[in-house]
Each structure stands twice: as structure tokens, then as C-alpha cells.
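# Observations on the model geometry
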Amino acid sequence: MRTGLNAALDEVNADGDQLAVFAGRARSVAEALAAEKIERTAAGLAKRARNRTFQLIFGGEFNTGKSTAINTVLGQRAMPTHEVEASAIPTYIRYGSAARALLYPRTGDAPVEVQAAELPAHICVDPHDPDKDSPWDYAALYLPLELLDQGVVIVDPPGTNSQDKRTERNLEAIRESDAVVYLFFAQMGMTAAQRDAIANDLAGKECFWLVTHADSLRGGPDARQSVRRRLEHDLRKVRPGGENVDARIYFVDAHAAQEAKIQQDPDAFAASGMQDFEQALGEFISGDRHRAKMTAMCTDLKRVIADLNGSIADQEQHAIDQGRGKQDEYRRSEERRVGKECRSRW
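Residues numbered from 1 in each chain as written. Predicted model: local features only at pLDDT ≥ 70, side-chain atom pairs only at ≥ 80, totals over all residues. Heavy atoms only, no water.

Now for the packing of aromatic side chains. For the coordinates displayed, the defined rule picks out nine aromatic pairs. Taking 5.9 Å as the distance between ring centres and 80° as the angle between the ring planes, the aromatic pair formed by Phe 208 and Phe 277 counts as edge-to-face. Remark: Phe 277 occurs in helix α12 (residues 274-287) and Phe 208 occurs in strand β8 (residues 206-212); sequence separation between them is 69 residues. Each member of the pair Phe 208 and Phe 277 is classed as buried. Each member of the aromatic cluster is reached from another via a ring pair, and the members are Phe 54, Phe 208, Tyr 250, Phe 277 and Phe 284. The side chain of Arg 100 reaches across the aromatic face of Tyr 142, ending 4.7 Å from its centre. Over the face of the ring belonging to Phe 284 we find Arg 248, whose NZ or CZ atom lies 5.6 Å from the ring centre. (Phe/Tyr/Trp six-rings, centres within 6.5 Å; stacked < 30°, edge-to-face > 60°. Helix = DSSP H or I, 4+ residues; strand = E, 2+ residues; numbered from the N terminus. Buried < 20%, exposed > 50% of the residue type's maximum accessible area, 1.4 Å probe, protein only. Lys NZ or Arg CZ within 6 Å of the ring centre and 35° of its normal.)

Given below as C-alpha cells:
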């Protein structure tokens with residue numbers, strides 16, 4: 001079974017339905033092994049393979065400007081932005097003929113519809129009790145925008161250095177996405193947590209790297225070049241053999257870009273650095289997103305198969321150990337029987 005899955009994976013072309021079949025087979029094996037986590041992952045991958053949308057997530061630690069960058073791409077203040085942690089749950093921004101929002105309860109009950117303008121009040125972290133968990137699992141925002149009408153779904157998650165549950169929701173959303181726009185604060189280096197997230201959760205995914213708050217660098221071009229060199233070095237260490245990272249790094253002033261986009265000021269928007277990023281992102285979405293989606297899903301399927309191999313090996317070893325235990329128990333029983341018989345003869 002393991003060999004067949006790996007061999008079949010090598011023949012997968014740009015066909016989500018075919019990949020979904022392989023993911024379904026992996027799910028069946030995981031179910032037989034009672035490997036619940038692997039089964040859930042494989043089931044989610046099968047569902048994602050049949051989904052024809054392209055999910056683009058803006059990831060990174062909170063306060064790096066994720067929501068501001070998303071607002072810039074959307075051309076409106078759709079997502080809440082604060083100086084401290086803002087989003088408590090992931091929000092999926094999809095196409096809709098009219099603006100509206102849905103909140104999905106953690107209880108699994110039917111979603112609750114609210115006005116799009118009211119959404120920030122429901123998805124923000126409670127400033128009076130930042131550790132309080134949200135009653136909502138996630139939110140969906142529908143907007144009548146051309147980018148979204150192309151089948152693109154934009155995801156705004158909580159920050160990865162947030163409360164543990166919010167961090168896990170962020171990582172789950174990243175793992176389920178097809179490509180990532182990852183944000184760094186210009187004055188901070190890559191943290192150990194970021195290295196782990198990029199190496200593990202972003203494996204196989206096409207990434208764009210936004211260095212936000214670029215206006216805070218006071219050393220001019222030399223400071224920016226220094227930050228760029230260090231980031232390139234760190235990215236190549238955690239993504240060996242990956243894409244040419246220097247071509248995907250953009251220094252931006254997200255706040256200035258948001259205001260320039262909304263005020264329709266092309267000069268200020270170009271100066272913010274977001275114009276170059278948006279152009280590259282648009283070219284990627286229009287020309288390369290299907291390959292990127294398939295590559296990411298194949299990487300995830302390989303990981304599922306590797307986890308299945310490990311689970312099978314663990315269960316085989318457990319069975320061997322149990323067999324040895326039964327043999328040892330039988331041997332000790334025989335020794336006791338023989339000893340008892342010998343003592344009775346004496």
C-alpha cells in the first residue's frame with residue numbers, strides 16, 4: 001500500500017480530482033490504523049483538492065501589518081487594524097455579489113449573518129480580557145471585488161505569537177492554504193518560532209515575503225540592504241532548494257500604502273513599495289497559481305504518506321513487542337511449572 005501510494009503520487013498531474021482520490025486512499029488507511037490526526041489531515045486534503053478556489057493567506061506574527069496589507073490589496077478598510085493584537089479568529093474573504101459577513105460558532109451551529117461593517121467588532125481580541133477565547137471558530141467576509149471573482153480566497157488569521165489557541169488556528173489556516181504572503185517587522189530578525197513555522201508549515205508552498213514598517217529603518221538604503229541580506233540568509237537556511245528568495249522580498253510601508261490606495265494616490269502608493277508587490281502577486285495569480293496549488297498539495301500528501309509509514313512502523317513494532325511479551329510470559333510460566341514439578345518430586 002505504501003509503495004503504491006508513492007508510485008501513484010509521482011504520476012499526479014494538474015488534476016485535483018485525481019489527487020483527491022489518493023488523499024482518500026490515505027484517509028482510509030489512516031482510519032484502519034486508528035490514526036485520527038492523520039485521518040483528519042488526509043480528509044482535509046481531499047476536500048481541498050476538490051476545491052477549485054485558490055487560498056492565499058497573509059501569515060506572520062501579530063502587529064506586523066497583515067490586516068493592513070490585506071486592506072491595501074482589497075482597496076478598502078475591510079479588516080480591523082490595531083497597535084496591539086487585533087484578530088482573534090481567521091477570516092476568509094471570498095467573492096460575493098454584495099458585501100456581507102458570516103460568523104461560524106465553535107459549537108458547530110448554523111452561521112450567524114452580520115453586516116460587513118460590523119464584522120471587526122465580532123472578530124477582534126477583547127482589549128479588556130486578551131486571553132478570552134472567541135465564541136466563533138472563523139468568519140467569512142464576502143465582497144464584490146474582481147480579484148475575489150477570479151476564485152481567490154484571502155485569509156486573515158490571528159498572529160503566530162498570539163495566545164496558544166489563536167496560534168494553532170493560524171498554523172491550521174496556513175497548512176490549508178495554497179500560497180502565503182509572510183510578513184516580517186523590518187526592525188526585528190527572524191525568530192526561532194518563525195524559523196520553525198516557515199520550515200515546517202510553509203513547506204512546498206509558494207511564498208512572498210513582505211518586510212513591513214520599512215519606513216522605521218533610519219539608516220537609509222544601507223540599513224534596508226543589511227536587513228535584506230540577513231533575511232535572504234535566514235530564508236535560504238530554512239528553505240534549502242526553494243525559490244529564489246531575493247526576487248520575492250518586498251520592503252513596504254503598509255499603512256501608507258493602505259491610505260494611498262483608498263485615496264487613489266498613485267504616486268504615494270508607488271512610494272510605499274506595495275505597487276511592486278501587487279504587480280508580482282497579480283502575475284502569479286493569473287499565470288502560476290494552479291501549479292503552485294498542486295505543488296503544495298503534493299507536498300502535503302507526501303507528508304501524510306510519511307506519517308502513515310511512521311504509524312504503520314510503530315504499530316508493527318508494538319505488535320512485535322507484544323509478541324515478545326507473550327513469549328516471555330509463556331517462558332516464565334513454563335519455568336514456574338517445571339520448577340514446581342521438580343520440587344514436588346523431591
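In this fold, Asp 156 is placed in strand β6 (residues 152-156). Buried Asp 156, no salt bridge; nearest opposite-charge side chain is Lys 66, N-O distance 5.2 Å. A polar contact of 2.7 Å, which involves the side chain of Asp 156, links it to the side chain of Ser 67. Apart from the residues within four sequence positions on either side, Asp 156 is in contact with Lys 66, Ser 67, Ile 70, Met 79, Ser 87, Ile 89, Pro 90 and Thr 91. (Lys, Arg positive; Asp, Glu negative; His and termini not counted. Salt bridge = Lys/Arg side-chain N within 4 Å of Asp/Glu carboxyl O. Polar contact = N/O pair within 3.5 Å; in protein donor to acceptor, adjacent residues only side chain to side chain. Contact = heavy atoms within 4.5 Å.)

Residues Phe 58, Ile 93, Leu 141, Ile 154, Leu 210 and Phe 277 are the most contacted members of the largest nonpolar core, which totals 44 residues. Looking at this core, the element that brings in the most residues is α12, giving six residues. Contact partners of Ile 93, with chain neighbours within four places excluded, come to Ile 70, Leu 74, Met 79, Leu 141, Leu 143, Leu 148, Val 152, Val 153 and Ile 154. Core analysis: the next-biggest nonpolar cluster, separate from the first, contains 25 residues, Val 153, Met 190, Leu 231 and Phe 251 among them. (Core = buried A, V, L, I, M, F, W, Y, C linked by side-chain atoms within 4.5 Å.)

Right, let's talk about the pattern of salt bridges for a bit. Enumeration over the complete set of coordinates arrives at 19 salt bridges. Salt-bridge contacts for Asp 178 lead to Arg 48; the nearest nitrogen and oxygen are separated by 3.1 Å. Of this pair, Asp 178 sits in the loop between α7 (164-175) and β7 (179-185) while Arg 48 sits in helix α3 (residues 36-50); the two residues are 130 residues apart in sequence, bridging distant segments of the chain. Both residues of the pair, Asp 178 and Arg 48, belong to the buried class. Bridged by salt links that share partners, the residues Arg 48, Asp 178, Lys 205, Lys 293 and Asp 300 form one connected network.

Space inside the largest pocket adds up to approximately 1200 Å³. Taken together, 30 residues form the lining of the largest pocket, with Gly 44, Glu 172, Ala 173, Arg 175 and Glu 176 sitting closest to its centre. Secondary structure elements with two or more residues in the lining of the largest pocket: α3, β2 (91-95), β5 (136-143), α7 and α13 (289-345). With eight residues, α3 is the single largest residue contributor to the lining of the largest pocket. Across the lining of the largest pocket, the residue classes tally to seven nonpolar, six polar and 17 charged. (1 Å grid on protein atoms, 1.4 Å probe; cavity = no way out; pocket = protein on both sides within 12 Å on 5 of 7 lines; lining within 4 Å. Points joined across faces, edges and corners; volume = space filled by probe spheres on them. Nonpolar A, V, L, I, M, F, W, Y, C, P; charged D, E, K, R; others polar.)

It is worth spelling out the side chain of Gln 55 at this point. Residue position: Gln 55 is located in strand β1 (residues 54-60). For Gln 55, a relative accessible area of 10% corresponds to the buried category. Separated by 3.3 Å, the side chains of Gln 55 and Ser 177 make a polar contact. Residues contacting Gln 55, with those up to four places away along its chain left out, are Tyr 92, Val 153, Val 155, Ala 173, Glu 176, Ser 177, Asp 178 and Ala 179.

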